[in-house]
Amino acid sequence: MYKITYLKTGHVFLLPEQTAKELKKNFPNDYKILEINGKKYKDTRKMKIEDTNSIRAKVVEE
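Calculation notes
- Each chain carries its own residue numbering, running from 1 in the written order of its sequence.
- pLDDT decides what is reported in this predicted model: residues at 70 or higher carry local features, side-chain atom pairs at 80 or more are listed and counted, and totals for whole chains, interfaces and linings draw on all residues regardless.
- Excluding hydrogens and water, the side-chain values take into account all heavy atoms of the structure.
- A residue's pLDDT is simply how confident the predictor is in it, with values from 0 to 100.
- Under the DSSP-based scheme used, a helix requires at least four consecutive residues in state H or I and a strand at least two consecutive residues in state E, with every element numbered from the N terminus.
- A pair of aromatic rings is counted whenever rings of Phe, Tyr or Trp (Trp by its six-membered ring) have centres within 6.5 Å, and the orientation is called stacked for planes under 30 degrees apart, edge-to-face for over 60 and tilted otherwise.
- Type-normalised accessible area, obtained with a 1.4 Å probe on protein chains alone, sets the label of each residue: buried when under 20%, exposed when over 50%, and partly exposed for intermediate values.
- At least two bridges found by DSSP between two strands are what make those strands a pair.

**Structural notes on the confidence of the model for the chain**
This prediction gives the chain a mean pLDDT of 85; 85% of its residues lie at or above 70. Least confident of the elements in the chain is helix α2 (residues 55–59), whose mean pLDDT is 75; most confident is strand β2 (residues 11–15), at 95.

So, in structure tokens, the structure goes:
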């Protein structure tokens, strides 16, 4: 079982592996995995640059 959190509202869900992986695959910036089978998991997310006119977008190369 995976414990994931929905970042927009902060709600925490306990879901089966397949469902949790599917949500994470389809919405990588909306969900964060907290635990896998009761063990802590450090989930990383890539920052997504939305505004191409910002100073950061002009300075940082990805």
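**As for the packing of aromatic side chains**
How two aromatic rings sit relative to each other is set out by the distance from centre to centre and by the angle between their planes. The tally for this structure, following the rule as stated, stands at 2 aromatic pairs. Ring centres 5.1 Å apart and planes at 45 degrees place the aromatic pair Tyr 6 and Tyr 31 in the tilted group. Here the residue Tyr 6 occupies a position in strand β1 (residues 2–6), and Tyr 31 occupies one in strand β3 (residues 31–36), the gap between them amounting to 25 residues. Tyr 6 sits in the partly exposed class, given a relative accessible area of 22%. Taken together, a centroid distance of 6.5 Å and an interplanar angle of 55 degrees make the contact between Phe 27 and Tyr 31 tilted. Linked through ring pairs, Tyr 6, Phe 27 and Tyr 31 together constitute an aromatic cluster.

**Here's the deal with the pairing of β1**
On any regular strand, side chains alternate: one points to one face of the sheet, the next to the other face. Sheet topology places β1 next to β2; 5 bridges connect them, and they run antiparallel. Directly across from Thr 5, in β2, lies its bridge partner Val 12. Counted between consecutive antiparallel strands, the loop separating β1 from β2 contains 4 residues, among which Gly 10 sits at a positive phi close to 85 degrees. Both β1 and β3 contribute to a ladder of 5 bridges, which runs antiparallel. Bridging across to β3, Tyr 2 finds its partner in Ile 36.

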